[in-house]
Amino acid sequence: MVESKSEKQEINKENADPSKAMEIDEDDGVPPKIFTIEILRVIKDLQQQHGLRHGDYQRYRGYCSRRVKRLRKTLNLPQGDKRHYKKRDVTLANLERDNSDERLIHIPLMLAERAWAYAMQLRQESNTEPRKRFHLVGKLRKATVYALQLQELCNSDYCDARTKLEAEAYSAWIHGSLHFELSLWKSAAENLKKAQVIYENLTQALPEEEQVVYKAKVDELTPSLRYCAYNVGENASMNDLLEMRGQGMLDNLSSLVAQTKTESMEAFQTTEWRGRKVTVRPEKVRLFLLSIQDLEKSIEKAKDYPTKIELLENVLLDCKDAISAIKDEIKQDPKLRSSNESGTMTATQYLLTYLSYTRLKLTLERNLFMVAQGKLSLDDPNVPEKAQIEGKKTKPQDLSRLYEIILQNVVEMQQLAGMESDALYQSEIETLTLTFKSFRCYYIAITLVALKRWREAVALYERSTKYATEAIASKAISNDFDLRNDLKQLIQTIEGCKFSAHANSVLEEDTTEESVLYGKATKTSKPLFERLSVYKEDASLNSRNPNVFKLTPEMQPIPAKPLFFDLALNFVEFPSLEDKVEQKAGAKQTAGMSGFVKGLFGWGGSGGK
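Before going into details, it helps to say that this report is about the structure given with it. (Residues numbered from 1 in each chain as written. Predicted model: local features only at pLDDT ≥ 70, side-chain atom pairs only at ≥ 80, totals over all residues. Heavy atoms only, no water.)

What about unusual backbone geometry?
One non-glycine residue, asparagine 76, lies in positive phi territory at about 60 degrees. Its place among the elements puts asparagine 76 in the loop between helix 4 (57-74) and helix 5 (92-96). (Helix = DSSP H or I, 4+ residues; strand = E, 2+ residues; numbered from the N terminus.)

Some words on the nonpolar core
Counting residues in hydrophobic clusters, the biggest one holds 70 residues, and the most contacted among them are Val285, Phe288, Phe436 and Tyr461. Broken down by element, the residue count for this core peaks at 13 residues, all from helix 19 (residues 423-450). With 64 residues, the next largest nonpolar core counts Phe35, Leu153, Leu165 and Trp185 among its residues. (Core = buried A, V, L, I, M, F, W, Y, C linked by side-chain atoms within 4.5 Å. Buried < 20%, exposed > 50% of the residue type's maximum accessible area, 1.4 Å probe, protein only.)

Looking at the pattern of salt bridges
Throughout the structure, instances matching the rule amount to 16 salt bridges. Glutamate 210 is the salt-bridge partner of arginine 162, the closest N and O atoms lying 3.3 Å from each other. Within this pair, whereas arginine 162 is found in helix 8 (residues 161-181), its partner glutamate 210 is found in the loop between helix 9 (185-205) and helix 10 (211-232), the two being separated by 48 residues in sequence. You'll find arginine 162 and glutamate 210 in the same group, each marked buried. (Salt bridge = Lys/Arg side-chain N within 4 Å of Asp/Glu carboxyl O.)

Considerations on helix 20 (residues 454-473)
The terminal C-alpha atoms of helix 20, which comprises 20 residues, lie 29 Å apart, in line with the 28 Å expected from a rise of 1.5 Å per residue. Buried within helix 20 we find Trp454, Ala457, Val458, Leu460, Tyr461, Ser464, Thr465, Tyr467, Ala468 and Ala471. (Expected span 1.5 Å × (residues − 1).)

Points about the side chain of lysine 308
Relative to the helices and strands, lysine 308 is located in helix 15 (residues 305-332). Here lysine 308 occupies a buried position and makes no salt bridge, while the nearest side chain of opposite charge, aspartate 304, is found at 8.0 Å. Apart from the residues within four sequence positions on either side, lysine 308 is in contact with Ile299, Ala302 and Phe369. (Lys, Arg positive; Asp, Glu negative; His and termini not counted. Contact = heavy atoms within 4.5 Å.)

Details of helix 13 (residues 283-291)
Residues spaced three or four apart along an α-helix point in a common direction, a consequence of the helix completing one turn every 3.6 residues. Among the residues of helix 13, those classed as buried are Val285, Arg286, Phe288 and Leu289. Summarising the axial view, the buried residues of helix 13 lie within an arc of 165 degrees, below the 170-degree limit, and thus occupy one face. (Arc of directions from axis to C-beta.)

Remarks on the packing of aromatic side chains
This model, assessed by the stated rule, comprises 16 aromatic pairs. Chaining the aromatic ring pairs together yields one cluster made of Tyr403, Phe436, Phe439, Tyr442, Tyr443 and Tyr461. The side chain of arginine 61 reaches across the aromatic face of tyrosine 118, ending 4.0 Å from its centre. Over the ring of tryptophan 173 we find lysine 217, and its NZ or CZ is 3.7 Å from the ring centre. (Phe/Tyr/Trp six-rings, centres within 6.5 Å; stacked < 30°, edge-to-face > 60°. Lys NZ or Arg CZ within 6 Å of the ring centre and 35° of its normal.)

Here's what the structure looks like:
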């Protein structure tokens, strides 16, 4: 039979050097090796790769036979030689050896799968050949024997709690399938319900991305349970049946599930963001998430702003490496690429979104520290010079540019993949946008104050106050950036700055339109009748020539009679007068320019006249 590409890779892996695969520490006092086998996920992957995607049970049965043969050869567990056969089952003694391998547990699992696949093949053939139904039951009985061997191996101290639960659920499912074929409805319902309960509890104990297979298995068992309940009768309850004969399993189920949760958290580092837990598999991502857990404490311990900025920049470099690791994983996994194209967001893609948000958040915090550092040396006309730090001054336009960069970071946060439909997240980003727009308008106004553009400055003060008020009134406040206290302080500062700019604008208008009275002449000032509503001490009113009213009016342009030009003469055609002019006999008319010149100077006349 032709072997597939995945099967060839599996053969190479199994035929690797057993000494290296089974190499363990031989020092005394080393704890026993604990195996973790995800039984349901393993068999589902193998079934999809070797025939069951198309319902070809014969192909899957052949694969299980070859797999058992390879495992026995690799693990040095043959059943006799070429001439003699001697049955050798996997026992606890094989697991107690120093060089034991978890693939020993795969042997009874593959034997059970082979017998089950043969039974399913016979079920398909029994539609036309009813006698094969007896053969089907025999194969299912053999599958239950191997399932019990698997359960016995997994219940030892060499397997963790998750493996024990999965082996018990697998054995219950095989037994339920056998009793279902034998029409033993009560026993079948009990075993199938037992398997369903275990898989449901495993679903709750495992991370989100591992739950898909178990949820599908729970849904797969539901129709069989309904059929069993129908045959048992309406008065029989599945829970009652389970309590009658599966009480021993329920006693230790909660403890095994709790142990599975603990081991799962130890084996896979999980993180939670906005109510969703995701599993972190890449080592770089895991280390990065561990490094930022105490980042806030490290920032608080930093003495000055340059130290804090440098610390955040180093963390940003690690964050970029973590994002690259996640992107590489998505590129290498075809399942993640296909889900990305279909529009559904997997746990890995959600983790990428979370890391992108973390990068933008850290960048934004670094920029805010740069703003705080610039405020210490800000050249602000509203702040007294004594309160300002000596040294190189920071201009207000520099801070407005920083806030412009911060707003760009906020826009990138708003456009993160997968967060477009999160209304609460979008509201938080809108509030954050209003907050930073308020600060940007304030520093642009300070820049205009330095340029003595008072009206524009007052308008921007008003707009800054409007943005700040809307941000404070918003109910959607981000937990990472709560700047309401800063906004309230900004509004108080703007109140004083606004009145100061308004007063300066009034004074500047007075000085531009009228000259200063004290110590200067008032010849260019307005007369008194034009400024009756404005009080002003004018010494010239007590002089002999008071500037009260201009008796001689100023020269003003007035309309005058326009000049007319006769342009129609250019378009008038006069009649020819050649017949009215007397011509001398024999005279020849000269043609062209030369004739005109000769006639003008008297050249060319006959007789030399």
